[in-house]
Amino acid sequence: MTTAVAAESVFDALTAYGPARSTVSGNPLSAEELRKTHAYWRACTYLMLGMIYLQDNPLLKEPLKPEHVKNRLLGHWGSSPGLSFAYIHLNRLIKKYDLDMIFLAGPGHGAPGVLAPVYLEGAYSEIYTDKCEDEEGMREFFKQFSFPGGIGSHCTPETPGSIHEGGELGYVLSHACGAAFDNPDLIVAAVVGDGESETGPLATSWHINKFINPIRDGAVLPILHLNGYKINNPTLLARISHQELESLFQGYGWTPHFVEGSDPESMHQAMAATTEHCVTEIRKAQRAARETGVAQRVRWPMIVMRTPKGWTAPRQLDGHYLEGFWRAHQVPMADVKQNPHRLQELEGWMRSYKAEELFDSKGALIPELKALSPTGNRRMGANPHANGGGLKRALRLPDFREYAFTFEKPGTVEAENARPLGTFLRDVMKLNMNNFRVFGPDENTSNKLGDIYEVSKKFWIEEYFPEDADGGELATDGRVIEMLSEHTMEGMLEGYLLTGRHGFFSSYEAFIHVIDSMFNQHAKWLSICNHLSWRKKVASLNIFVTSTVWRQDHNGFTHQDPGFLDVVVNKSAAVTRIYMPPDINSLLSVANHCLRSENYVNVIVCDKQSHLQFMDMDAAITHCTKGIGMWDWACNDEGQEPDVVMASAGDIPTQETLAAITLLRQEFPDLKMRYINVVDLFKLQPSTEHPHGLTDQDFDSLFTVDKPVIFAFHGYPWLIHRLAYRRTNHANMHVRGYKEKGNINTPLELAIENEIDRFSLAMDVIKRVPRLQKIGAHAKEKFQNEQIACRNYAFEHGTDKPDAAGWRWPY
């Protein structure tokens, strides 16, 4: 074979052009069905172009003029035709088999390809009544797209039927899997963009097929849309051989079916046959598992749909490729308003869809095409699962007070903070075995939450080894989902929440950063939902951040990073909450509150190791309800003005601050100190900036208007300054926190390295209280000597000095 012939053969195998090439054969559509299906798709593509270009003359009843075109052209054409193509073929099966199905567009920038069929089925106009199904409604529908005061260019929360915006790429399969959990009749069609397939989160999320139980869960039908190009480059999966691509997905555990080509007639037949085959295979696998009661891993079907990028656009424009090339990615013709020739080309393109055959004179889709859409809640734009708050049932929660840790005196007994939380979550799971799950990247046992396995094991449907019975905690009906991918776990939980259920996610503090941008996207989603009256509230995203910086002395520098809090603070105050409970009972109180909340992202920061316990349950409830307050037993300024205010947020900062107070009281018995503990971090912000923030009057009452404040903070110190910079006494606030200094340290040595230890805090007081500046030299020298002795002891013995490690509150 010559080189030229070989190259032609490879091109023929990979090209998106020509008659359909498909794994599944057959022509299930009659001639009349084929005609109507293609007409419906023409209606979609016409609407898609209208959204990108038009602000008037929606039915082209008069020649297209510059004033009919938007002043600023925004949107993405490239993926849109393929999205609507898949959507309408799924519609056919919904009608034929009465399917319960939702549609997730991974390449969410192709929103016109979703909005168009949602509008045609009537779901859009039912919510946005000004975008009704007539000429004026169509005009409004076109104009609002990517327009100020309108909607964005992705499958945003404003899009009926959407639970996945697809703005940041990579999460469509994990979202789809979460939606399918505990929804046995639901099929989640998830279109994966071939550019999206190059992202890390998407690549690992192909493993979702190993977490779907065919008895109790629904199914995910992935549709990999190979249109060949990203913004300005070919896509990797579109340029590997058919055999390599098929082997890739077979290796992931899927059964791939190919639909490839550009000829509409044969492609409609191929897609109809393939989607029907896949749905039949899904139902067959589910029926077998449900009849036998045996859950085995299924090699679920998937579709590889190869079509030209910007399908149905002109193949060339000014001698350059458009359809089937990267130039079709966004706005295919950008200068139509200023260039009369280009405007004429756009008009010719739009008229090629023959809208006059598709819509009546008033602008409504003609009845024979309208009949192709499902009706009622079977429309994917109106499916209740895609507005999950309407299906959500409140959790049945045990009384968290029953899990209280009891002790005689504050600051005298140590216990593991997270273990009782695990016991509490165990019983939450027990009471909610159909709508609550716990997610984590292989760390639930490490994070002391292992008691949940008494009620439900970790889901595992792959092969078993004999040793797995020895503490593996694996089961095919497990409701704890663990995989060493924070992206996949977070995505599954988001999909689960957005379809009306509840969950809990835990992670090591340093590696919660892996989902920084996922948190960002979810917070933005919730922010928009708060302004949409038709979007029902969903359960909050609860993130438990543990294995924290101050107890990562054994893992070292790479595991020390409390900066996720800085990311959270960036987002809207309407949806973000940060809680820093310092002990068991406050952690239980906070967790109970968070599990009951809606439409928030709750971040709970608390270490899993043994720590001193400070509050009985009644005190913890009171303190957590306030979010910030004085601990009277740690203060000695009652009835007087304090000389200094000591404050802390977090477990280790609280311990070290209290230890510093004892050092100072021993050296300066007449020093008046006020101690403030912060659980709700946003209390530090003004009430004008965050709904939880203290008023200026209340803040000044606690922190004074002119006394030095020594604040020990769990995270990076500048975050406290950022929250409190507008406060009256901010100039006197001195904050200690993590300063990127660490290695393999002992706990106290790590604190000393970052100057958040008891000795550093005590010396800070001496430096900042005016009268101690004159009389505190000897005490300061003593504290320095003790600090050096503790460091030397750690270097020699590898542990902290017993008297320091065993410090207890003495009063």
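Above this text you will find the structure in question.
Residues numbered from 1 in each chain as written. Predicted model: local features only at pLDDT ≥ 70, side-chain atom pairs only at ≥ 80, totals over all residues. Heavy atoms only, no water.

J.: Would you mind going over helix H9 (residues 242-252) with me for this structure?
T.: For an α-helix, the turn length of 3.6 residues means that residues three or four places apart are oriented alike. Listed in full, the buried residues belonging to H9 are Leu245, Phe249 and Tyr252. Down the axis of H9, the buried set is contained in an arc of 55°. They therefore lie on one face. In H9, those exposed residues whose orientation departs by more than 90 degrees from the buried face are Gln243 and Gly251. As for H9, its buried residues are in contact with helix H8 (200-205), strand S4 (219-226), strand S5 (255-260) and strand S6 (301-306). At the exit of H9 stands Gly253, carrying a positive phi of roughly 100°. (Buried < 20%, exposed > 50% of the residue type's maximum accessible area, 1.4 Å probe, protein only. Helix = DSSP H or I, 4+ residues; strand = E, 2+ residues; numbered from the N terminus. Arc of directions from axis to C-beta. Contact = heavy atoms within 4.5 Å.)

J.: What is the right way to look at the pairing of strand S17 (residues 601-605) in this model?
T.: Most of S17 sits inside the fold, with five of its five residues counted as buried. Neither face of S17 is left uncovered, since the one carrying Val601, Val603 and Val605 and the one carrying Asn602 and Ile604 both have all their residues buried. In the sheet, strand S15 (residues 541-546) pairs with S17 via five bridges, with the strands oriented parallel. Its bridge partner lying in S17, Phe544 is registered against Ile604. Here strand S16 (residues 576-579) runs beside S17; their pairing, made up of four bridges, is parallel. Looking across to S17, one finds that Tyr579 is bridged to Ile604. Handedness of the crossover is the feature at issue here: the chain leaves S16, passes through helix H17 (residues 584-596), returns alongside S17, and the resulting connection is right-handed. (Pairing = 2+ DSSP bridges. Right-handed = clockwise from strand over helix to strand, strands pointing away.)

J.: Even after reading the chapter, I still don't get the environment of Phe103, so can you show me in this structure?
T.: Position of Phe103 among the secondary structure elements: in strand S2 (residues 100-105). Spatially, the C-alpha atom of Phe103 lies 6.1 Å from that of Val188, the residues being 85 residues apart in sequence. With residues near it in sequence (within four places) discarded, Phe103 still touches Leu83, Ala86, Tyr87, Leu90, Val114, Gly161, Ala189, Val191 and Met380.

J.: Help me understand the pattern of salt bridges, please; the structure alone is not making it clear to me.
T.: Should their charged atoms come close, side chains of opposite charge can pair. The full count for this structure, using the stated rule, is 46 salt bridges. Notably, a salt bridge pairs Arg419 with Glu416, separated by 2.5 Å at the nearest N-O pair. Residue Arg419 is classed as partly exposed on the basis of its relative accessible area of 35%. Three or more residues are tied together by salt bridges with common partners; here these are Asp182, Arg216, Asp217, Arg437 and Arg479. (Salt bridge = Lys/Arg side-chain N within 4 Å of Asp/Glu carboxyl O.)

J.: When you look at the side chain of Arg535 in this model, what are you seeing that I'm missing?
T.: With respect to the secondary-structure elements, Arg535 resides in the loop between helix H15 (516-529) and S15. An unpaired buried charge is present at Arg535: no salt bridge exists, and Glu158, the closest side chain of opposite charge, is 7.6 Å distant. A polar side-chain atom of Arg535 sits 2.7 Å from the main-chain carbonyl oxygen of Ala386. Dropping the residues within four chain positions of it, Arg535 is found in contact with Pro157, Thr159, Ser162, Ala386, Asn387, Trp525 and Cys529. (Lys, Arg positive; Asp, Glu negative; His and termini not counted. Polar contact = N/O pair within 3.5 Å; in protein donor to acceptor, adjacent residues only side chain to side chain.)

J.: Even after reading the chapter, I still don't get empty space enclosed by the protein, so can you show me in this structure?
T.: Over the atoms rolls a probe the size of a water molecule, and in doing so it shows where empty space is left. Scanning the model with the defined rule gives three cavities of 30 Å³ or more in all. Size it by volume and the largest cavity reaches roughly 140 Å³. Lining the largest cavity we find 13 residues, and of these Glu165, His175, Gln521, His522 and Trp525 sit closest to its centre. Breaking the lining of the largest cavity down by element, the ones donating at least two residues are helix H14 (486-498) and H15. With three residues, the top contributor of residues to the lining of the largest cavity is H15. Here the lining of the largest cavity is composed, by residue class, of four nonpolar, six polar and three charged. Lining of the second largest cavity is provided by 13 residues; of these, Phe103, Leu104, Val114, Gly161 and Ser162 occupy positions nearest its centre. Where the lining of the second largest cavity is concerned, the elements lending two or more residues are S2 and helix H4 (112-120). For the lining of the second largest cavity, the element with the most residues is S2, which contributes three residues. (1 Å grid on protein atoms, 1.4 Å probe; cavity = no way out; pocket = protein on both sides within 12 Å on 5 of 7 lines; lining within 4 Å. Points joined across faces, edges and corners; volume = space filled by probe spheres on them. Nonpolar A, V, L, I, M, F, W, Y, C, P; charged D, E, K, R; others polar.)

J.: Sorry if this is basic, but what is going on with the sheet that holds S5 here?
T.: Think of a sheet as strands paired side by side through backbone hydrogen bonds, with each pair either parallel or antiparallel. On the basis of which strands lie adjacent, the open sheet formed by six strands has the order S1-S5-S6-S4-S3-S2 and mixed pairing. Two strands close off the open sheet at either side, each with one partner strand: strand S1 (21-22) and S2. Taken together, the seven bridges between strand S3 (residues 186-193) and S4 define a ladder with parallel strand orientation. Residue pairing in the sheet places Ile187 in a bridge with Ala219 of S4. This element, H9, spans S4, S5 and S6 of the sheet and lies at about 145° to S5. (Axes fitted to C-alpha atoms, helices over the stretch in contact; angles between N-to-C directions.)

J.: Even after reading the chapter, I still don't get the packing of aromatic side chains, so can you show me in this structure?
T.: Given two aromatic rings, one states the distance between the centres and the angle between the planes to describe the pair. Counting across every chain of the model gives 37 aromatic pairs. A centroid spacing of 5.1 Å and a plane angle of 10° characterise the contact between Tyr716 and Trp718, whose relative ring orientation is stacked. Of the residues examined, Tyr716 reaches a relative accessible area of 8% and is grouped as buried. Chaining the aromatic ring pairs together yields one cluster made of Phe614, Trp631, Trp633, Tyr675, Trp807, Trp809 and Tyr811. In this structure, Arg577 packs its charged tip against the face of Tyr600, placed 4.1 Å from the ring centre. (Phe/Tyr/Trp six-rings, centres within 6.5 Å; stacked < 30°, edge-to-face > 60°. Lys NZ or Arg CZ within 6 Å of the ring centre and 35° of its normal.)

J.: Hey, could you run me through the sheet that holds strand S21 (residues 673-678) in this one?
T.: Strand order in the open sheet formed by five strands is S19-S21-S20-S22-S23, and the pairing between neighbours is mixed. Only two strands of the sheet have a single neighbouring strand rather than two, namely strand S19 (628-630) and strand S23 (733-736). Averaged over all pairs of adjacent strands, the angle between strand axes in this sheet comes to 20°, irrespective of strand direction. Sitting on the sheet, helix H20 (residues 696-703) touches S19, strand S20 (644-649), S21, strand S22 (709-713) and S23, and the angle it makes with S21 is about 130°.

J.: Please clarify how the nonpolar core should be interpreted in this entry.
T.: The tendency in soluble globular proteins is for nonpolar side chains to be buried as a group. In this structure, Phe103 and Phe359 are the most contacted members of the largest nonpolar core, which totals 180 residues. Looking at this core element by element, the count peaks at 12 residues for helix H2 (residues 31-53). Phe359 has contacts with Ala43, Tyr46, Leu47, Leu59, Leu120, Met138, Ala364, Leu365 and Ile366, leaving out every residue within four places of it along the chain. Counting residues in hydrophobic clusters, the runner-up holds 45 residues, among them Trp550, Met615, Ile661 and Ile766. (Core = buried A, V, L, I, M, F, W, Y, C linked by side-chain atoms within 4.5 Å.)

J.: Explain unusual backbone geometry here, please?
T.: The phi angle of most residues is negative, glycine excepted, and most peptide bonds adopt the trans form. Unlike most non-glycine residues, Thr312 shows phi in positive territory, near 80°. With respect to the secondary-structure elements, Thr312 resides in the loop between S6 and strand S7 (316-317). Classification of Thr312 as partly exposed rests on a relative accessible area of 24%.

J.: What exactly am I supposed to notice about the packing of H2 against helix H3 (residues 80-97) here?
T.: Helix-helix packing is described using two parameters, namely the angle between the two axes and the distance between the axes. Running from amino to carboxyl end, H2 crosses H3 at an angle of 140°, the nearest separation of the two axes being 10 Å. Between H2 and H3, the crossing angle belongs to the class labelled oblique. Of the two possible hands of crossing, H2 and H3 adopt the one that is right-handed. Each of Thr37, Tyr40, Trp41, Cys44 and Met48 in H2 lies in contact with H3, whose residues at this interface are Ser80, Pro81, Ser84, Phe85, Ile88, His89 and Asn91. (Parallel < 35°, antiparallel > 145°, perpendicular 65-115°, else oblique. Left-handed = near helix turned anticlockwise from the far one by under 90°.)

J.: Sorry, what's going on with the environment of Asp217 here?
T.: Mapped onto the secondary structure, Asp217 falls in the loop between H8 and S4. Between the C-alpha atom of Asp217 and that of Ala179, which follows or precedes it by 38 residues, the distance is 9.2 Å.

J.: What is the right way to read H20 from this model?
T.: Taken together, the buried positions of H20 are occupied by Phe699, Asp700, Leu702 and Phe703. Buried residues of H20, seen end-on, are gathered within an arc of 165° and therefore sit on one face of the element. Exposed residues on H20 whose side chains face more than 90 degrees from its buried face are Gln697 and Ser701. As for H20, its buried residues are in contact with S19, S20, S21, S22, helix H21 (718-724) and S23. Thr704 sits one or two positions beyond H20 and adopts a positive phi of about 70°.

J.: How should the packing of H3 against H4 be read in this particular structure?
T.: Close contact between H3 and H4 brings their axes to 7 Å; oriented N to C, the two are set at 40°. With respect to each other, H3 and H4 are oriented oblique. Between H3 and H4 lies a crossing of right-handed hand. Taking contact as the criterion, the partners of Ser80, Leu83, Ser84 and Tyr87 in H3 are, on H4, Pro112, Gly113, Val114, Pro117 and Val118. Looking at the contact of H3 with H4 residue by residue, the classes come out as six nonpolar, three polar and no charged.

Structural measurements only, silent on function.
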